[in-house]
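Fold and contact review
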Amino acid sequence: MRNNNRLKVYLNGKLVDKSEAKVSVFDHGLLYGDGVFEGIRSYEGLVFKLKEHLDRFFESAKTLMLKIPLSREELTEAIVLTLKTNRLKDAYIRLVTTRGEGDLGLDPRKCDRPTIIIITDRIVLYPRKLYREGLEIITVPTQRNIPAAVDPQIKSLNYLNNILAKIEAVNAGKEEAIMLNHAGYVAECTGDNIFIAKGGELLTPPTYVGALRGITRMAVIAIARREKIPIREEVITRHNVFNAEESFLTGTAAEVIPVVKVDGRMIGKGKPGPLTLRIMREFHKLTRTDGVRYRL
Ligand code: PXG
C-alpha cells in the first residue's frame, strides 16, 4: 500500500507534502466559509466532465465576486499535474478557492490573494452492497436554503445547511436524506440530487426548487434523452416519492445509487428497478469515455 502521508497537495502554485499543506488561521475560508469548491472524479485516467465542473466553479465564484486567479486552462493543468504527481488514475479531486488571508472583519476587500487548493486522493465509495440492494433514506427537518439567502446553486464553503441535514440523517442511522424547500417540495439530498420513476418516465426536481445543478444529474438527463427514456424536470412532493416505482440519487461521489425506502415507505418492489439499473450501466460506460485524458 502506498503511504497516504506521501500525498502531495497543490497549494497556491506549489505541490507540497500533505503534512505541509496548511493555510493561515486568518484565511476567510476558515473564518467565514468564504470560498467555493468542486468535487470531481477521475476514472481510469479520465477527468470526468471537467469542463462542466470548471463552469460551475467559475459561476459560484462570480456570484461571490471572488476572482479565481487562474484560467480554466491553468486550473486544468494544475489538476492534471497533481493527479500525475500522486500517480492516481482513479481519484477524487477537491478543488477549493478561498477568499484568502484577511483580518478579523467580514470585508472581503481586505483579502489580497485567494488561496487555491487541489487535493487528489483515492475515493472512498459507498459499500457495493448499497448499489445492489439500494439505500434507505429519510426526510429531515432542516430545509434547503432559499435562493434569496445563499443560493443552493452556489457550491460555497458554507455547507452548514447540508451538514445539519446530514447530522439528522446520521442520527437516524441513514446515509442520506431528502431536504425539502421552504414550500415543502422535494429539493434534493445533502450531497446528491434525486430522481423518481413512474409510468416509465423519469422525474427530477427543477433546480429552481432549491437543488444544485448537479453534474451527475445533467449526465443522467442526457443519457435518458439519448436512450429515449422520457424525462422531465418536475416539482415533486414526498407523496410523489412514496408512490414512485423507482428512485435513485446522483452525485459525483455516489454516482447513481438506488433508493428503495423513504420515510419507512417501500419504493416500488423494494429493490433497484429496471430504469435505475439501466441508468447505472449507461453512467458507468460514460465515465470511461467522457472527460479530459491524462497519462501517468
Ligand atoms: N446536491 C448537493 C447539495 C451537492 O453538494 C450534488 C447535489 C451532486 O452534484 P454533482 O455535481 O456532484 O453531481 C452535490 C455534490 C461527497 C460530497 O463527498 C458531494 C458534494 C459536495 C461535497 C461532498 O459526497 N456535492
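Just so it is clear, the structure is predicted and the values come from calculations on it, not from any experiment.

In this section: the sheet that holds strand 16 (residues 291-293). Read across the sheet, 7 strands follow the order 2-1-6-5-3-4-16 without closing on themselves; strand pairing throughout is antiparallel. Across the chains shown, the open sheet's two edge strands, defined by having one partner strand only, are strand 2 (14-17) and strand 16. The sheet shows a mean angle of 25° between the axes of neighbouring strands, direction not considered. The pairing of strand 5 (residues 91-98) with strand 6 (residues 115-121) spans 7 bridges and is antiparallel. By the bridge assignment for strand 6, threonine 97 is matched with isoleucine 116. Along the sheet face, helix 2 (residues 50-63) touches strand 3 (35-43), strand 4 (46-48), strand 5 and strand 16 and points at about 175° away from the line of strand 3.

Notably, asparagine 12 is not glycine yet its phi reads approximately 50°, a positive angle. Within the secondary structure, asparagine 12 is located in the loop between strand 1 (8-11) and strand 2. Accessibility expressed as a relative area gives 27% for asparagine 12, which makes it partly exposed. A positive phi angle is found at methionine 65, which is not glycine, with a value near 50°.

It is worth spelling out the domain arrangement of the protein at this point. For the protein, the domain assignment lists domain 1 (4-121) and domain 2 (128-286). On a C-alpha basis, the centroid separation for the pair domain 1 and domain 2 is 27 Å. Between domain 1 and domain 2, the residue contacts involve 24 residues of the former and 17 residues of the latter. Summing the contributions of domain 1 and of domain 2, the shared interface buries around 1600 Å²; its carbon and sulfur component is 67%. Contact with domain 2 buries surface across domain 1, with Phe37, Phe48 and Arg56 losing the most and accounting together for 38% of the total. Here domain 1 and domain 2 share 1 salt bridge between them. When the shortest N-O distance is used, the salt bridge between glutamate 255 and arginine 41 registers 3.0 Å. Applying the counting criterion to the domain 1 and domain 2 interface returns 8 residue pairs in polar contact (both at pLDDT 80 or more). Every element with two or more residues in the side of domain 1 that touches domain 2 is listed here: helix 1 (28-32), strand 3, helix 2 and strand 5.

Take the nonpolar core next. Counting residues in each nonpolar core, the largest one holds 41 residues, and the members touching the most others are Ile178, Leu202 and Ile279. Excluding residues that lie within four positions of it along the chain, isoleucine 279 makes contacts with Leu202, Val220, Ile223, Ala224, Ile229, Phe248 and Val256.

Another point: the site of the ligand. Taken together, the neighbourhood of the ligand is formed by 21 residues, with Lys155, Tyr159, Glu188, Thr216 and Thr252 sitting nearest. Here threonine 216 contributes a side-chain N or O atom positioned 2.6 Å from an oxygen atom of the ligand. Summarising the interface, the protein chains cover 85% of the accessible area of the ligand, which totals 550 Å² for the free molecule. Contributing elements (two or more residues each) for the shell around the ligand: strand 5, helix 6 (215-226) and strand 13 (246-251). A breakdown of the residues in the shell around the ligand according to their chemical character gives 6 nonpolar, 9 polar and 6 charged. A domain split of the shell around the ligand shows at least three residues from each of domain 1 (4-121) and domain 2 (128-286).

It is worth spelling out the side chain of aspartate 263 at this point. In this fold, aspartate 263 is placed in the loop between strand 14 (255-262) and strand 15 (265-266). In this structure the side chain of aspartate 263 is engaged in a polar contact, spanning 2.5 Å, whose partner is the side chain of threonine 139. Excluding anything up to four places from it in sequence, aspartate 263 contacts Ile137, Ile138, Thr139, Arg238 and Phe242.

Looking now at helix 3 (residues 72-85). For helix 3, with 14 residues, the first-to-last C-alpha span of 20 Å sits near the 20 Å given by 1.5 Å per residue. Taken from the residues just after helix 3, arginine 87 is the one with a positive phi, measuring 50°.

So, about the pairing of strand 9 (residues 186-189). Sheet analysis places strand 8 (residues 177-180) next to strand 9, joined by 3 bridges and oriented antiparallel. In the sheet register, methionine 179 faces strand 9, and the bridge partner there is glutamate 188. Once strand 8 ends, the chain turns through 5 residues before running back antiparallel as strand 9, passing glycine 184 with a positive phi of about 95°.

Bringing the packing of helix 6 against helix 8 (residues 274-287) into the picture now. With their axes 10 Å apart at the nearest point, helix 6 and helix 8 run at an angle of 110° to one another. Here helix 6 is positioned roughly perpendicular relative to helix 8, judged by the angle of their axes. Where helix 6 crosses over helix 8, the two elements pack in a sense that is right-handed. Here helix 6 contributes Thr216, Ala219, Val220, Ile223, Ala224 and Arg226 to the contact with helix 8, which in turn contributes Ile279, Glu282, Phe283 and Leu286. In the contact of helix 6 with helix 8, the residues fall into 7 nonpolar, 1 polar and 2 charged.

Glancing now at the pattern of salt bridges. Note on pairing: side chains with opposite charge can pair once their charged atoms come close. According to the stated counting rule, one finds 21 salt bridges in the structure shown. A salt bridge links glutamate 233 to arginine 217; the shortest N-O distance between them is 2.8 Å. Here glutamate 233 is found in strand 12 (residues 231-233), whereas its partner arginine 217 is found in helix 6, with 16 residues between them in sequence. Its relative accessible area of 43% is what places glutamate 233 among the partly exposed residues. Look at arginine 217 and you get buried, because its relative accessible area is 2%.

Rules behind the numbers
- Residues numbered from 1 in each chain as written.
- Predicted model: local features only at pLDDT ≥ 70, side-chain atom pairs only at ≥ 80, totals over all residues.
- Heavy atoms only, no water.
- Pairing = 2+ DSSP bridges.
- Helix = DSSP H or I, 4+ residues; strand = E, 2+ residues; numbered from the N terminus.
- Axes fitted to C-alpha atoms, helices over the stretch in contact; angles between N-to-C directions.
- Contact = heavy atoms within 4.5 Å.
- Buried < 20%, exposed > 50% of the residue type's maximum accessible area, 1.4 Å probe, protein only.
- Domains from an automatic or database assignment.
- Buried area = accessible area lost by both parts, 1.4 Å probe.
- Salt bridge = Lys/Arg side-chain N within 4 Å of Asp/Glu carboxyl O.
- Polar contact = N/O pair within 3.5 Å; in protein donor to acceptor, adjacent residues only side chain to side chain.
- Core = buried A, V, L, I, M, F, W, Y, C linked by side-chain atoms within 4.5 Å.
- Near = heavy atom within 4 Å.
- Areas by Shrake-Rupley, 256 points an atom, 1.4 Å probe, with all protein chains shown as cover.
- Nonpolar A, V, L, I, M, F, W, Y, C, P; charged D, E, K, R; others polar.
- Expected span 1.5 Å × (residues − 1).
- Parallel < 35°, antiparallel > 145°, perpendicular 65-115°, else oblique.
- Left-handed = near helix turned anticlockwise from the far one by under 90°.

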